[in-house]
Amino acid sequence: MGKDVRDQIRNSKTLLGPFPEFKVEKSPASPMNLFLEWFQVALDHHVHEPHAMTLSTVDADGRPDARVLSLKDTDEESWYFATGTGSEKGRQLDGNPAVCLSFYWSEVGRQIRIRGQAVKMNEEFNARDFLKRGKMARAIALTGNQSKLIDSQSAFEGELNRQLSNLEKDSAIIAKDWTVYRVQASEVEFWQADEERLHIRLKYFLQNGQWVKKRLAP
Ligand SMILES: Cc1cc2nc3c(=O)[nH]c(=O)nc-3n(C[C@H](O)[C@H](O)[C@H](O)COP(=O)(O)O)c2cc1C
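In this report, the structure presented in the accompanying data block is examined. Along each chain, the written sequence defines residue order, and numbers are assigned to residues from 1. Two thresholds apply to this predicted model, a pLDDT of at least 70 for residue-level local features and 80 or more for giving and counting side-chain atom pairs, whereas whole-chain, interface and lining totals are computed over all residues. Water and hydrogen atoms were dropped before computing side-chain values, which therefore reflect all heavy atoms in the structure.

### Describing the nonpolar core
What tends to happen in soluble globular proteins is that the nonpolar side chains get buried as a cluster.
Stage number 1. Counting 31 residues, the largest nonpolar core has Phe35, Trp79, Phe81, Trp105, Ile112 and Ile114 as its most contacted members.
Stage number 2. Helix numbers and strand numbers start at the N terminus; a helix is a DSSP run of H or I with at least 4 residues, a strand a run of E with at least 2. At the level of elements, α2 (31-44), β1 (52-58), β4 (78-84), β5 (98-105), β6 (110-120), β7 (178-192) and β8 (200-207) are the ones that each hand at least two residues to this core.
Stage number 3. With six residues, α2 is the largest single contributor of residues to this core.
Stage number 4. Residues in contact with Trp105, not counting those within four places in the same chain, are Phe35, Trp38, Phe39, Ala42, Val47, Pro50, Arg110 and Ile112. We define the nonpolar core as a collection of buried residues of types Ala, Val, Leu, Ile, Met, Phe, Trp, Tyr and Cys that are connected through side-chain atoms lying within 4.5 Å of one another. When a residue's accessible area, from a 1.4 Å probe over protein chains only, is under 20% of the maximum for its type it is buried; when over 50% it is exposed; and in between it is partly exposed. Residue contacts are defined here by distance: any two heavy atoms, one from each residue, within 4.5 Å place the two residues in contact.

### Observations regarding the packing of aromatic side chains
Stage number 1. Stacked, tilted and edge-to-face are the three classes assigned to paired rings of Phe, Tyr and Trp, where Trp is represented by its six-membered ring and a pair needs centres within 6.5 Å; plane angles under 30 degrees give stacked, over 60 edge-to-face, the rest tilted. Applying the stated criterion to the full structure yields 13 aromatic pairs.
Stage number 2. Here Phe39 and Trp105 contribute two aromatic rings whose centre-to-centre distance is 5.6 Å and whose plane-to-plane angle is 85 degrees, an arrangement assigned as edge-to-face. On the criterion of sequence distance, the pair formed by Phe39 in helix α2 and Trp105 in strand β5 is long-range, its members being 66 residues apart.
Stage number 3. Looking at Phe39, the relative accessible area reads 16%, which means it is buried.
Stage number 4. For the ring pair Tyr80 and Phe125, a centre distance of 5.9 Å and an interplane angle of 20 degrees mean the geometry is stacked. Taken as a pair, Tyr80 in strand β4 and Phe125 in helix α4 (residues 123-131) lie far apart in primary sequence, 45 residues in all.
Stage number 5. Among the aromatic residues, ring-to-ring pairing joins Phe22, Trp38, Phe190, Tyr204 and Trp211 into one connected group.
Stage number 6. Distance and angle both matter: a charge sits over a ring if NZ of Lys or CZ of Arg is within 6 Å of the ring centre and within 35 degrees of the ring normal. Positioned over the ring face of Trp38 is Arg110, at 4.0 Å from the centre of the ring.

### Some thoughts on the pairing of β6
Stage number 1. Strand pairing follows a simple DSSP-based rule, namely that at least 2 bridges must link the two strands. Across eight bridges, β5 lies against β6 in antiparallel orientation. Along β6, the bridge assignment pairs Val99 with Gly116.
Stage number 2. Taken together, β5 and the strand that follows it, β6, pair antiparallel across an intervening segment of four residues, in which Gly109 is found at a positive phi of about 60 degrees.
Stage number 3. When β6 meets β7, the two strands line up antiparallel, connected through eleven bridges. Looking at the pairing, Gly116 lines up with Ala185 of β7.

### Here we look at the site of the ligand
Stage number 1. Nearness here has a simple test: a residue counts as near a molecule or strand if at least one of its heavy atoms is within 4 Å of that partner. Close to the ligand lie Glu49, Arg67, Val68, Leu69, Ser70, Ala82, Thr83, Ser87, Glu88, Lys89, Gln146 and Ser147, which account for all nearby residues.
Stage number 2. The term polar contact refers here to a pair of N or O atoms within 3.5 Å; inside protein, the definition further demands a hydrogen-donor-capable atom paired with an acceptor-capable atom, and it admits residues adjacent in sequence only when both atoms are side-chain atoms. Between Arg67 and the ligand, the recorded distance is 2.7 Å, taken from a side-chain N or O atom to an oxygen atom.
Stage number 3. Lys89 is positioned such that a nitrogen or oxygen atom in its side chain is 2.6 Å from an oxygen atom of the ligand.
Stage number 4. Those elements that place two or more of their residues in the shell around the ligand are β2 (64-70), β4 and α3 (88-95).
Stage number 5. Here the element with the most residues in the shell around the ligand is β2; it accounts for four residues.

### Overview of helix α5 (residues 135-143)
Stage number 1. Of all the positions in α5, only Arg138, Ala139, Ala141, Leu142 and Thr143 are classed as buried.
Stage number 2. Buried residues along α5 sit against α4, α6 (153-169) and β7.
Stage number 3. At the exit of α5 stands Gly144, carrying a positive phi of roughly 65 degrees.

So, in structure tokens, the structure goes:
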């Protein structure tokens, strides 16, 4: 079986298309507007979970780390995500707020890379976000254990059940470390696959408060 799977890995095809057209000359001045245009195209093409993105961070030793998170919202200039500050990524972000968010939507052959700084939102904002979460998600967050080792499954379940019953008694409890971060971008790259491999890359750079667009070699 291992060999078959490895054969399949070696013979896997990527970027088969057809893909939607990307008219670079018509791209908007702001990367957020292009992001929203592309997100709409992803929705129109039934991209599976287009809001799932990879959040890359670095740890205290400068070692990169990455995991998939949900994009929660956007505004004119920021991308939002939420997590517990006690998690691995939360600790990494406390030490170094530099992040990269990346999206890959295979159905449309599009990749987006957003580099910037993650900024914590205030307590009220975080609480509002927390209360929108499902009960189990809130109970898990209330244990405050994300990314910690599970030494005992029964102790883990006991704590989870304790938090579930606390929520039964008071549904307004908020996990203190639940935090929404907004990513202020300084660079955003849009990558459109081409079946012939003449991919189109457009990168926005923030320079003196203005977005400047440049083409990149594929
Ligand atoms: C599609 C998808 C969405 C996810 N959304 C979130 C999220 O919004 N917040 C979060 O903390 N973890 C989310 N996770 C779990 C993270 O990938 C990760 O396992 C968790 O946050 C712990 O990461 P850390 O150990 O680097 O802190 C999601 C995972 C997937 C696959």
